[in-house]
Structures are given as C-alpha cells and as structure tokens.
Amino acid sequence: MDNLATAHQAWDERWTWDAERRRWLEPDPLVQALVPALRARGFKHVLDVGCGIGRHAHYLAGEGFACVGIDASESGLAYARERAAAAGLTIDYRGGTFYELPFAERTFGAVIAWNVIYHGDRRVTQRAVDEFARVLLPGGIYVGTMLSKRDANYGRGREVQPDTFVVDDATDDKVHPHFYCDSRTLLELHRGFEVLDLRANQQPSGANHWEFTLERTSPRDNFTG
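So, a few notes on the structure that sits alongside this text. Keep in mind it's a predicted model, so treat the numbers as computed, not measured.

**Quick look at the nonpolar core**
Counting residues in hydrophobic clusters, the biggest one holds 32 residues, and the most contacted among them are Leu 47, Val 49, Phe 98, Ile 117, Phe 132, Tyr 142 and Met 146. Of all the secondary-structure elements, those providing two or more residues to this core are strand 1 (45–49), strand 2 (66–71), strand 4 (108–113), helix 7 (122–135), strand 5 (136–148), strand 8 (178–181), helix 8 (183–189) and strand 10 (208–216). With six residues, the top contributor of residues to this core is helix 7.

**Some words on the pairing of strand 1**
Where burial is concerned, most of strand 1 is hidden: four out of the five residues are buried. Note that strand 1 and strand 2 share five bridges and pair parallel. Residue pairing for strand 2: His 45 is matched across the bridge by Ala 66. This β-α-β element, strand 1 to helix 5 (residues 55–62) to strand 2, shows right-handed connectivity. Examined bridge by bridge, strand 1 and strand 4 share three bridges and lie parallel to one another. Paired with Leu 47 across the bridge in strand 4 is Val 111.

**Re unusual backbone geometry**
A positive phi angle, near 60°, is found at Asn 115, a position not held by glycine. One can find Asn 115 in the loop between strand 4 and helix 7. A residue is classified by how much of its surface remains accessible, and Asn 115, at 21% relative accessible area, is partly exposed. For Asp 163, which is not a glycine, the phi torsion comes out positive at approximately 60°. What makes Asp 163 buried here is its relative accessible area of 18%.

**Points about the environment of Asp 28**
Looking at the secondary structure, you find Asp 28 in the loop between helix 2 (18–23) and helix 3 (29–32). If near-sequence neighbours (up to four positions away) are discounted, Asp 28 is found in contact with Arg 55, His 56 and Trp 114.

**Describing the state of the cysteines**
Taken as a whole and judged by the stated rule, the model has zero disulfides. The thiol sulfur of Cys 67 is not disulfide-bonded, and the nearest other cysteine sulfur, from Cys 51, lies at 10 Å.

**Concerning the pattern of salt bridges**
Throughout the structure, instances matching the rule amount to 14 salt bridges. As a salt-bridge pair, Arg 14 and Glu 20 come within 2.9 Å of each other at their nearest N and O atoms. Residue class for Arg 14 comes out buried when judged on its relative accessible area of 15%. Arg 158 is the partner of Asp 168 in a salt bridge, and the nearest nitrogen-oxygen pair spans 2.7 Å. Of this pair, Asp 168 sits in the loop between strand 7 (164–166) and strand 8 while Arg 158 sits in strand 6 (residues 158–161), placing them 10 residues apart in sequence. The exposure class assigned to Asp 168 is exposed, which follows from its relative accessible area of 53%.

**Considering helix 7**
Every α-helix winds through 3.6 residues per turn, so residues three or four apart in the chain are directed the same way. Between the first and last C-alpha of helix 7 there are 20 Å, a value that for 14 residues agrees with the 20 Å anticipated at 1.5 Å per step. Residues Val 124, Thr 125, Ala 128, Val 129, Glu 131, Phe 132, Ala 133 and Val 135 constitute the buried set of helix 7.

Calculation criteria
Residues numbered from 1 in each chain as written. Predicted model: local features only at pLDDT ≥ 70, side-chain atom pairs only at ≥ 80, totals over all residues. Heavy atoms only, no water. Core = buried A, V, L, I, M, F, W, Y, C linked by side-chain atoms within 4.5 Å. Buried < 20%, exposed > 50% of the residue type's maximum accessible area, 1.4 Å probe, protein only. Helix = DSSP H or I, 4+ residues; strand = E, 2+ residues; numbered from the N terminus. Pairing = 2+ DSSP bridges. Right-handed = clockwise from strand over helix to strand, strands pointing away. Contact = heavy atoms within 4.5 Å. Disulfide = S-S within 2.5 Å. Salt bridge = Lys/Arg side-chain N within 4 Å of Asp/Glu carboxyl O. Expected span 1.5 Å × (residues − 1).

In structure tokens form, the structure reads like this:
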C-alpha cells in the first residue's frame, strides 16, 4: 500500500509554507459539533488521523479531550507540536500511516479523518476504515470526508487503479493517487457503521467531497456478507 498512499510527501513540503498552514488552522464545523455528542456519551479520547498541523486535535484538546494525532508528515507534526506547546496543550502527536494504526482495539470514543483516506485506492481506503472500526469503542463516532465522483478532477490524469487517478503534471498533491467514490461505494466501505449525517459539499472550484458523521455499531450489529 505504501506505493499508493504517498500524498504525505507533497504535504511534508507544503506544511513548511506559512500561507498553506494559515489555510488549515480552524476546525471544521462537523468536528466542532462532536463536542456535545462526545460529552453526552461520556467519551474522552479522540484520535485525529492524518492530523497534518493538528487543527482538530488542537481544538478538541482545548475543549478538554485527551487527543492523539497521527500523520506521516514530520514537518506537519513539528508545527503541530510547537503550536500545542505554545497554547499549553498536551497532545500526543505521532508519526505513522492512516491505514495501520498502532493502537489497541476499542481505545477511542472518536476518530477524525478529514481529507485523508482517499489518498490511495479503494484497498487503502478500506484498510483505513477497518482500522478505525477496530480502534473505536462501540457507539464511537467517526467524522471524515471522501472525494466524490462528482468532483471536477474525477477522470483527470492516469487511472492507476479503478476510480483512482494520478495527474502527472499537477502542481499539488494530485501527482499522488486519489480515490473517488459514489454514495453506494462509500456505504459499502463503511459497513459496521451507522450513518448519522452524510452530505455532499460542492465548492465553486469544482471540488466535491462527501462529508459524514458515522457511529460505530456493536459487533453483533455489524453487516455481514
């Protein structure tokens, strides 16, 4: 999977740019909406997967949650650690991939994977989702995004795996594999989760992301077959 999940190489450079970091400091509203839900369920531990410079872990740690962030970009992690220290926050930032998590089963009440798991192909994405299901408590919440097939970049470049494209002349992370899906595929990938919220975010630029909040069902409620 390492030869497909390579977008962190582009972000490792981009996270050294002040202008890029400034774009990714504020938490997304769906992540902010986690706070009352987690408190109502009594969950305290949150994992921010592909955390980048840590905007979501930083926000939730400020709300009193015990946060862990994992990312394959060392420059992003370095900045996240500096920012947390400056704010007096204790956040466990670790290097690692989004599809192989070094945590025990049922460790976290929430997993956040914002603009992360589509950096690969369907197999990489499925591996990541299975890892999230493994480390989440039953009833735990997963907030994330996927690229939609309605995105303007779908079909652009070389198709290296089904619905997975590389744009060789791109000046951003599209030079690395990106996987796109429709709603049916998204639900197939997330068996073992119940949909709490699912929406398509169409942006003027042509970008189109699925944004969702899912609940980890108990093992006896998992889909089979």
